[in-house]
Amino acid sequence: MPPDNLASLLAAATARLKAAGCDMPVLDARLLLQAAAAISREDLIMGPDLALTADQLQHFENFITRRERHEPVSRILGEREFYGRVFRVTPDTLDPRPDTETLIEAALAVMPQAARLLDLGTGTGAIAITLLAERPAARGVATDLSPAALAVARENAARLGVAHRLTLLEGSWFAPLSGTFDIILSNPPYIPDGEIAGLSPGVRNFDPALALSGGTDGLDPYRIIACSAAAHLAPGGRILVEIGAGQADEIAAIFTAEGFRAASRHRDLGGHERCLAFNRPEK
Ligand code: GLN
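Parameters and conventions
Residues numbered from 1 in each chain as written. Predicted model: local features only at pLDDT ≥ 70, side-chain atom pairs only at ≥ 80, totals over all residues. Heavy atoms only, no water. Axes fitted to C-alpha atoms, helices over the stretch in contact; angles between N-to-C directions. Helix = DSSP H or I, 4+ residues; strand = E, 2+ residues; numbered from the N terminus. Parallel < 35°, antiparallel > 145°, perpendicular 65-115°, else oblique. Left-handed = near helix turned anticlockwise from the far one by under 90°. Contact = heavy atoms within 4.5 Å. Salt bridge = Lys/Arg side-chain N within 4 Å of Asp/Glu carboxyl O. Buried < 20%, exposed > 50% of the residue type's maximum accessible area, 1.4 Å probe, protein only. Pairing = 2+ DSSP bridges. Right-handed = clockwise from strand over helix to strand, strands pointing away. Core = buried A, V, L, I, M, F, W, Y, C linked by side-chain atoms within 4.5 Å. Arc of directions from axis to C-beta. 1 Å grid on protein atoms, 1.4 Å probe; cavity = no way out; pocket = protein on both sides within 12 Å on 5 of 7 lines; lining within 4 Å. Points joined across faces, edges and corners; volume = space filled by probe spheres on them.

The interhelical angle for the contact between helix α1 (residues 6-19) and helix α4 (residues 54-68), taken along N-to-C directions, is 20°, at an axis separation of 10 Å. On the basis of the axis angle, α1 is roughly parallel to α4. Judged by the sense of rotation from one axis to the other, the crossing of α1 with α4 is right-handed. For the pair α1 and α4, contact is made by L9, A13, R16 and L17 and by L57, F60, E61, I64, T65, R67 and E68, respectively.

Given below as structure tokens:
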């Protein structure tokens, strides 16, 4: 067998990733090999004896070296699947997590078909774009402090066919917008500043600090959002926020202090309360 055929490359890369402490060395090595060689999973199964070109080999070596340093596969490939759609991810955006699909499910369960939605701190646009793709009569606005993140969201909206229904605005939380919405969504940064250094290297070294840091206790963004959200909700409107594990009671207290009524709590697949929904204060 030639030393550089797919099967032997895969075996060697898997061993290196395992030694580096990666959780899923077999899957990661396979995905990176498929990308480096521009082949499908079926190609890999059908042609274990295929050889790579020198260029492909170089790409693969580079990918495996990056993964050994704990760079997530989604960042190496520049894309991540979220709720069944592929999103572009760059160093300027949070890597959308499966946890956030909890918020998507909770929103879809209550959103009117033709909802006007607002996504605060949109990053890749994963939340707003997914909801608009799932609800073809809905329209929305998404904000982000980072112009570079907004450029990624714009590209994702175009690729996923919702650009004409999504307005992207640069600025802090509600600052760049006016008007009211039927549903407000946010997955804000919620890590207490003191805990960022202790996060796993794949998060700490690769997700942008702006997308992680929630201030001293991790709750600053919720205080800002809770304070301005009522003015931007239409009658009967709701707000849904993603939260960190263990933050539910404190965050519920922040919203109820502003007059919101707790509507529901939703757990992620790991069993953590991951999303809280509130109804607009009645005046
Ligand atoms: N809303 C985006 C997401 O869920 C970005 C979140 C963030 O940067 N904290 O992917």
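Right, let's talk about the pattern of salt bridges for a bit. On inspection of all chains with the given rule, the structure shows 19 salt bridges. For the salt bridge of E61 with R16, the shortest nitrogen-to-oxygen distance reads 3.0 Å. Separated by 45 residues along the polypeptide, E61 in helix α4 and R16 in helix α1 bring together distant segments of the chain. Of the residues examined, E61 reaches a relative accessible area of 36% and is grouped as partly exposed.

This part is about the pairing of strand β4 (residues 139-144). Within β4, 5 of the 6 residues are buried, which leaves the element mostly enclosed by the surrounding structure. Inspection of the sheet shows strand β3 (residues 116-120) paired to β4 by 5 bridges, in the parallel sense. In the strand pairing of β4, L118 is matched with V141. Assessed by its sense of winding, the connection that carries the chain from β3 through helix α7 (residues 126-134) to β4 is right-handed. Where β4 meets strand β5 (residues 166-170), 5 bridges bridge the pair, whose relative direction is parallel. In the sheet register, T143 faces β5, and the bridge partner there is L169. In this region the chain leaves β4, passes through helix α8 (residues 147-159) and returns to the parallel neighbour β5; the handedness of that crossover is right-handed.

What follows concerns the nonpolar core. Counting 32 residues, the largest nonpolar core has F174, I184, Y222, I239, V241 and F255 as the members making the most contacts within it. Among the secondary structure elements, those contributing two or more residues to this core are β3, β6 (181-186), α11 (220-229), β7 (233-242), α12 (248-257) and β9 (273-279). Of all the elements, α12 adds the most residues to this core, at 5 residues. When near neighbours in sequence (up to four residues on either side) are disregarded, V241 contacts L103, S186, Y222, I251, F255, R274, C275, L276 and F278. The next biggest cluster of nonpolar side chains, apart from the first, holds 30 residues, and it includes L103, A106, I127 and L150.

In this section: α12. Buried residues of α12: A248, I251, A252, I254 and F255, and no others. Taken around the axis of α12, the buried residues stretch over an arc of 155°, which confines them to a single face. Exposed side of α12, more than 90 degrees from the buried face: D249 and A257 are the residues found there. Of the surrounding secondary structure, the elements contacted by the buried residues of α12 are α11, β7, β8 (261-267) and β9. G259 sits one or two positions beyond α12 and adopts a positive phi of about 95°.

Turning to the layout of surface pockets, a few remarks are in order. Its boundaries defined by the atoms lining it, the largest pocket holds a volume of some 920 Å³. Every residue lining the largest pocket is counted, 30 residues in all, and those nearest its centre are M24, P72, V73, S74 and R80. Mapped by element, the contributors of at least two residues to the lining of the largest pocket are α2 (25-37), α5 (73-77), β1 (79-82) and α9 (201-204). If one sorts the elements of the lining of the largest pocket by residue count, β1 sits on top with 4 residues. Taken as a whole, the second largest pocket holds about 470 Å³ of empty space. G121, D144, P189, L210 and A211 are, among the 28 residues lining the second largest pocket, the residues nearest its centre. At the level of secondary structure, the elements contributing two or more residues to the lining of the second largest pocket comprise α7 and α10 (209-212).

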